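Secondary and tertiary structure notes
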Amino acid sequence: MNRHETGSRTEVGDVAADGRSPACARLQGLDVLQVEGLAHRVDGRQLFADVSFRLGLGMFASLLGPSGCGKTTLLRLIAGLEPLQQGRISLGGQPVADAESGVFLPPEARRVGMVFQDFALFPHLTVRQNILFGLRGRSGRDCRARLAWVEEMLERFGLAHRADAWPANLSGGEQQRVALLRALAPQPALLLLDEPFSSLDVARRLEMREEMLEIIRMSGTTALMVTHDAQEALFMSDLVMIMGHGGIVQAGTPTEVYEQPVDPFVMSLFGHMNVFAGRVDAEGRLPTPIGALPVPPSLQPGQRAEAHVRASAFLPVDASPEEGQGALVETAAMATAALAQGVPPGVFPWQVRGRVLSAHFMGGSSHLHVAPEEAPDQVLHMQAPGRFLPRSGATCSFWLRRNGVFIFPAGD
Amino acid sequence: MTASPATEAMAAASAPAGRGGGLRLLRIGALVAAGLVVLPLLAVVVMAASFSDALPHLWRTVMPQLALNTLLLMAGVGISVIMLGCGAAWLVVRYRFPGHGIMQWALALPLAVPGYLVAFIYTDLLEYAGPVQKALRELFGWQGPRDYYFPEIRSLPGAVMVLSLTLYPYVYLLARVAFMAQSASLLEAARLLGRKPWPAFFAVALPVAWPAVAAGTALALMEVLNDFGVVDFFAVPTFTAGIFDVWLNMNDAAGAAQLALVLLVFTLLLILLERMARRRRRFDTAGPRAAGRGWRLRGWKAALALAACLLPVVLGFVLPVAVLLMHAARFWQESLQQGLMEQLFNTLLLASVVSLTAALLALVLAFAARLDGSATVRGAVRLAGIGYAMPGAMLAVGLLMALAWADGLINDAARAWLGMAPGLLLSGTMFALAHGHVSRFLALALGSIESGLARISPSMEAAARTLGARPAEVLRRVHLPMLRGSVLTALLIVFVDSVKELPMTLLLRPFGFSTLATQTYQFASDEMFEEAALGALFIVMAGIIPLILLVRAMNAPSSQSETARF
């Protein structure tokens, strides 16, 4: 169930369209990281199987998935911190671990840097000593160049005055910056990040994401990040790999995985979904309490299917909910009439009416629980933009965005 | 604005209560307890200061050699226990190999065997007339001592070896806890930054664990200063041996006091060094991913790891116990004839009295500290805890002098008021012996009870007070029941240490009173060690009890504080 993803030519167009790093567009022939057929068992349970992917130079990739899916284990296998059970890992074209031939390069020989979830700063060394730790044994000129780089980075990211402090006296954000600089100082070929923001509080996280990304881009290092936070993965990555069900479920650019999910699991990572099950009717539509939804051509009439609708797919018809405008439109005539009234682009030509059960203000959006008119015992989760807080019990109408609705064949 | 009764009571509960007869009693009790411990120390200082004429003589003749031997012994044992203890702890924490689970607690077994027993046993085995050399001579046809070279066990290196074998568990236990508390990602980060496994250990794992290692080494070195059996048997004159010699053989009280004073200075230096080593690095290395599982070893590497762990256990515990069992099996009747039952009774009686007294005093001290946070009480608690660091011989000398002086006072007063002299009431009695033991072991009871008390949160006290209980009632109804486990532990630990104790008991015991330890020493000195084997086995059995507690504590999830006081 995984896609063999190349970090290469097919990506170029999408990458440029997303406006991300131009470095990705200039792809070299040699991949920085190549993972083939990896599998891992823990305590008799198969954690994942047949995982393969490649990362090109300068790319920032994320492994996104729920806890326990094996993404951290995968990272540790690449770093050499766990013995490889099955498959092959190559860095810069050279195999560093191969289960069949028994090749296994220890972590210190792999030129891989890692930022740990708990930062793992050495408590008995100062900030500067921590960052310089990996530079032992370098030749004179090379060493001086790196020392200069370290001082420049300390200066640029506001750590120069903390360079002689002990890690325990630093704030979480400062510790993370030090951990990152320490990993980058020896110029590794690949940088691994294990849920780097989970120890920080929410406000810090947003700030640090930007800063981290900047530091990594500036150094031109290829990076692979493990996270369970979808927003983080979308914000930072050129390539998002969704991990679950024992393998990589989908890999693509952020736009691809969000707008073209291959299955409900992928969708579920990005927010709450409303699910409606049913059977495709003779006209190729799936009847649901929010309307008869057109199904993709691959689904046959009579087949069981599920509609997964994003909470953000609902758009309030207007801001005066008390008046309860509009009605569910089904016939073509009514659709034309509605269009004449001014239907916003990208929505289905009907409105969903429902009774508001509760409304919660979340800042940039409002989260509502609505009981649809067609099925009052069900509860729809809606996320409306901005402030939209109708009274409990009021009846409202909503447009339904086409790109928020995904129809999949139901399980067999 | 009137505060509700609840908030008033809460305020009263949290403020240090200065009034109340019960509290005053506790305070006095705490001061008395501290006084008991400090008395010998003061006596040593006072006595040594007042006899100034013997000092130059001692300095010229005896002191340099004693000092040198003591320093060499401490250096040798210090290095050995660090290597043995850290190495074993590292293997056991970071790797997995067959037998790994058993080795974790087995490595602490040598603690059960007192150093002097190991000394006797190995001398027995390895001396010229012993079985090993006899076998070698038979095997190779050597006739006499000039025909071959065999290292002399009765020497400074021999003493270093014997003491290291029995004392390395102090470092092992503390280092193990420290390594386990380190986040595994520290070492992984070091490896990903280019260090190979052993350089990574020395650059990261060891420095971060250093405070614990230093504490364990300090404990071991305090035991070295305290030891008499090994150094006497091996003819390695150290300060403690010197005190015995000067006091018992030369009848020189002043000289003994001065040696005791020098020993005190050594001990204080040791404590200072250990505090320094610990204070500079306070590392909070609690990571979300703690130790993790060790790296699995296979093949010859696993065998090597297992052998490395087995060696100290075999040499320090298995072999000595086997020898004891052998001798006991053959000579148990002789042991019984020599008064074993009486010695057993004496030992148990003394240990019971000492442990009960120590537990009671520790409770008084701990409660006083809890209810009254004043500097006086806190000072008293700190002082009371010093006794463990003080070498037994030094405490004995000080105590004897203090009690002799007290006896003199009593006699003078009695003569003045009653017209008669009651004689020696305090010196040379069970009271003196018990006092000495309590002075030394109070710290152990205190450690156990204090850590148990620390687990009772202040809000429990506050809750009880708001429900109407007065301070003394709170102690009785809330704290004491919850402290049952700690009190039991305290009793056991002090009991066992009292059973094993040798130097102080030799000096302080009343005439005709011998314990298992002193009798074993006596027999060994008279080359009749085999007949003491059964008694020695009892000592070892007693020594195993705290180890059982330890194993249970080790297997429980979060009990790091328990292992610190063994």
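As the structure is a computational prediction, the values presented were derived from the model and not from experiment. (Residues numbered from 1 in each chain as written. Chains lettered and ligands numbered in written order. Predicted model: local features only at pLDDT ≥ 70, side-chain atom pairs only at ≥ 80, totals over all residues.)

Here we look at the overall build of chain B
Here is the rule we go by: Numbering of helices and strands starts at the N terminus; helices are DSSP runs of H or I of at least 4 residues and strands are runs of E of at least 2. Labels follow a simple rule on C-beta atoms placed from the backbone: if 20 or more others lie within 10 Å of a residue's own, it is buried; if 12 or fewer, it is exposed; otherwise it is partly exposed. With C-beta atoms placed from the backbone, a contact is any residue pair whose C-beta atoms sit within 7 Å.
Looking only at helices and strands, chain B features 25 helices and two strands. Of all 566 residues assigned to chain B, the portion counted as buried reaches 47%. Considering only residue pairs separated by 6 or more positions, chain B has 83% of its internal contacts joining residues 24 or more positions apart.

Digging into the overall build of chain A
A tally of regular secondary structure across chain A gives 10 helices and 20 strands. Considering only residue pairs separated by 6 or more positions, chain A has 66% of its internal contacts joining residues 24 or more positions apart.

Remarks on the sheet that holds strand S3 (residues 60–64) of chain A
Residues and elements named next belong to chain A. For clarity, the cut-off: Here the rule is simple: two strands pair whenever DSSP picks up at least two bridges between them. Axis definition: a line fitted to C-alpha atoms, limited for helices to the stretch in contact. Angles are taken between N-to-C directions and run from 0 to 180 degrees.
Pairing is mixed in the open sheet, where six strands are placed in the order S6-S7-S8-S3-S9-S10. The open sheet is flanked by strand S6 (112–115) and strand S10 (247–252), the only strands paired with a single partner. The sheet shows a mean angle of 20° between the axes of neighbouring strands, direction not considered. Strand contacts of helix H5 (residues 172–184): S6 and strand S7 (190–194), with the helix running at about 175° to S6, the strand carrying the most contacts.

Topic: the sheet that holds strand S14 (residues 304–310) of chain A
All names here are of chain A. As summarised here, the arrangement of the three strands in space is S11-S14-S20, forming an open sheet in which the pairing is antiparallel. Every other strand in the sheet has two partners, leaving strand S11 (273–279) and strand S20 (405–409) as the edge strands with one partner each. The average undirected angle you get between the axes of adjacent strands in this sheet is 25°.

A look at the environment of Arg-205 of chain A
Residues and elements named next belong to chain A. Take Arg-205: it is sitting in helix H6 (residues 202–219). Between the alpha carbons of Arg-205 and Val-42 there is a distance of 32 Å; along the sequence they are 163 residues apart. Beyond its immediate stretch of four places on either side in the chain, Arg-205 contacts Phe-197 and Leu-200.

Considering the packing of helix H4 (residues 63–94) of chain B against helix H10 (residues 197–226) of chain B
Residues and elements named next belong to chain B. For clarity, the cut-off: Here is the rule for angles: anything less than 35 degrees is roughly parallel, anything more than 145 is roughly antiparallel, 65 through 115 is roughly perpendicular, and the remaining ranges are oblique. Each crossing is labelled by how the near helix is turned from the far one, with a counterclockwise turn of less than a right angle marking it left-handed and a clockwise turn marking it right-handed. Three classes are used: nonpolar for Ala, Val, Leu, Ile, Met, Phe, Trp, Tyr, Cys and Pro, charged for Asp, Glu, Lys and Arg, and polar for all others, with Gly counted as polar.
Two numbers describe how H4 lies on H10: the axes approach to 9 Å, and their chain directions differ by 130°. Classified by the angle their axes make, H4 and H10 are oblique. In this structure, H4 meets H10 at a crossing whose hand is right-handed. On H10, the residues touching Leu-73, Met-74, Val-77, Gly-78, Val-81, Ile-82, Gly-85, Cys-86 and Trp-90 of H4 are Phe-201, Leu-206, Val-213, Gly-216, Thr-217, Ala-220, Leu-221 and Val-224. Its residues assigned to classes, the contact of H4 with H10 comprises 13 nonpolar, four polar and no charged.

Focus: the packing of helix H9 (residues 184–192) of chain B against H10 of chain B
Residues and elements named next belong to chain B. Relative to each other, H9 and H10 sit at 155°, their axes nearing to 9 Å. If you check the angle between H9 and H10, you find them roughly antiparallel. In this structure, H9 crosses over H10, and the sense of that crossing is right-handed. Together, Leu-186, Leu-187, Ala-190 and Arg-191 of H9 and Ala-200, Ala-203, Val-204, Ala-205 and Val-208 of H10 make up the contact between the two elements.

Regarding the nonpolar core
Where a protein is soluble and globular, its nonpolar side chains tend to be buried together. Residues and elements named next belong to chain B. What counts, and what does not: To define a nonpolar core, we join buried Ala, Val, Leu, Ile, Met, Phe, Trp, Tyr and Cys residues through C-beta atoms within 7 Å and take the resulting set.
By size, the foremost hydrophobic cluster in this structure holds 279 residues, and its most contacted members are Ala-260, Ala-362, Leu-365, Val-397 and Leu-442. Of all the elements, H10 adds the most residues to this core, at 17 residues. If near-sequence neighbours (up to four positions away) are discounted, Val-397 is found in contact with Val-44, Ile-243, Trp-247, Ala-256, Ala-257 and Ala-260.

Focus on the domain arrangement of chain A
Note on interface size: it is often stated as the accessible area lost on association of the parts. Residues and elements named next belong to chain A. Counted only if it meets this: Note that domain bounds follow an automatic or database assignment of domains.
Segmentation of chain A into domains returns domain 1 (9–111 + 188–268) and domain 2 (273–409). Taken together, the contact pairs six residues of domain 1 with six residues of domain 2. With three residues, the single largest contributor to the side of domain 1 that touches domain 2 is helix H9 (residues 264–268). Looking at the side of domain 1 that touches domain 2 residue by residue, the class counts come to three nonpolar, one polar and two charged.

What to know about the interface of chain B and chain A
In this complex, chain B contributes 21 residues to the contact, which on the side of chain A involves 19 residues. At the level of secondary structure, the elements contributing two or more residues to the side of chain B that touches chain A comprise H9 and H10 of chain B. Ranked by residue count, the leading element in the side of chain B that touches chain A is H9 of chain B, at six residues. When the residues that make up the side of chain B that touches chain A are grouped by side-chain class, the tally is nine nonpolar, five polar and seven charged.

Looking at helix H21 (residues 484–500) of chain B
Residue and element names in this part refer to chain B. What counts, and what does not: Expected span of a helix, by definition, is 1.5 Å for each gap between consecutive residues, and there is one gap fewer than residues.
Relative to the 24 Å expected for 17 residues at 1.5 Å per residue, H21 spans 25 Å between its end C-alpha atoms, a close match to the ideal helical length. By the criterion of burial, H21 is predominantly enclosed, with 12 of the 17 residues buried. Residues Ser-486, Thr-489, Ala-490, Leu-491, Ile-493, Val-494, Phe-495, Val-496, Asp-497, Ser-498, Val-499 and Lys-500 constitute the buried set of H21.

A few points about the confidence of the model for chain B
Residues and elements named next belong to chain B. Cut-off, in case you're wondering: Predictor confidence is given residue by residue as pLDDT, running from a minimum of 0 to a maximum of 100.
Summarising the model, chain B shows a mean pLDDT of 82, and 90% of its residues fall at 70 or more. For chain B, the element scoring lowest by mean pLDDT is helix H25 (residues 560–563), at 37; H4 scores highest, at 92. Within the model, pLDDT remains below 50 along residues 6–18, and this stretch shows 17 contacts once partners closer than five positions in the same chain are excluded. Low pLDDT, under 50, characterises residues 558–566; the predicted model gives this stretch 18 contacts beyond four residues in sequence or across chains.

Brief notes about helix H2 (residues 71–79) of chain A
Residue and element names in this part refer to chain A. The buried fraction of H2 is high, at seven of nine residues. The complete set of buried residues in H2 reads Lys-71, Thr-72, Leu-74, Leu-75, Leu-77, Ile-78 and Ala-79. Looking one or two residues beyond H2, the residue adopting positive phi is Gly-80, at roughly 90°.

Remarks on the confidence of the model for chain A
Per-chain confidence: chain A averages 83 in pLDDT, with 86% of residues scoring 70 or above. Long-range and interchain partners of residues 319–332 of chain A, a stretch whose pLDDT sits below 50, account for 27 contacts in this model, where long-range means more than four residues apart.

Re the pairing of S14 of chain A
Residues and elements named next belong to chain A. Inspection of the sheet shows S11 paired to S14 by seven bridges, in the antiparallel sense. Across the sheet, residue Gly-278 finds its bridge partner in S14, namely Ala-305. Where S14 lies against S20, five bridges are found, and the strand directions are antiparallel. Bridge pairing in S20 links Glu-306 to Phe-408.

Thoughts on the pairing of strand S12 (residues 285–288) of chain A
Residue and element names in this part refer to chain A. Of the two faces of S12, the one holding Leu-286 and Thr-288 is buried and the one holding Arg-285 and Pro-287 is not buried anywhere. As defined by bridge partners, S12 adjoins strand S13 (residues 291–294) across four bridges and the pair is classed as antiparallel. Directly across from Arg-285, in S13, lies its bridge partner Pro-294.

A closer look at the environment of Val-249 of chain A
Residue and element names in this part refer to chain A. Residue position: Val-249 is located in strand S10. For Val-249, a count of 23 C-beta atoms within 10 Å puts it in the buried group. The spacing of Val-249 and Phe-265 is 16 residues in sequence and 8.4 Å in space, taken between C-alpha atoms.

Overview of unusual backbone geometry
Of note, Ala-120 of chain A is a non-glycine position whose phi angle comes to about 50°, a positive value. Looking at Ala-120 of chain A, the number of C-beta atoms within 10 Å reads 29, which means it is buried. Positive phi, close to 60°, is recorded for Glu-527 of chain B, a residue that is not glycine.

As for the environment of Leu-174 of chain B
Inspection of the secondary structure puts Leu-174 of chain B in helix H8 (residues 156–181). Spatially, the C-alpha atom of Leu-174 of chain B lies 27 Å from that of Thr-238 of chain B, the residues being 64 residues apart in sequence.

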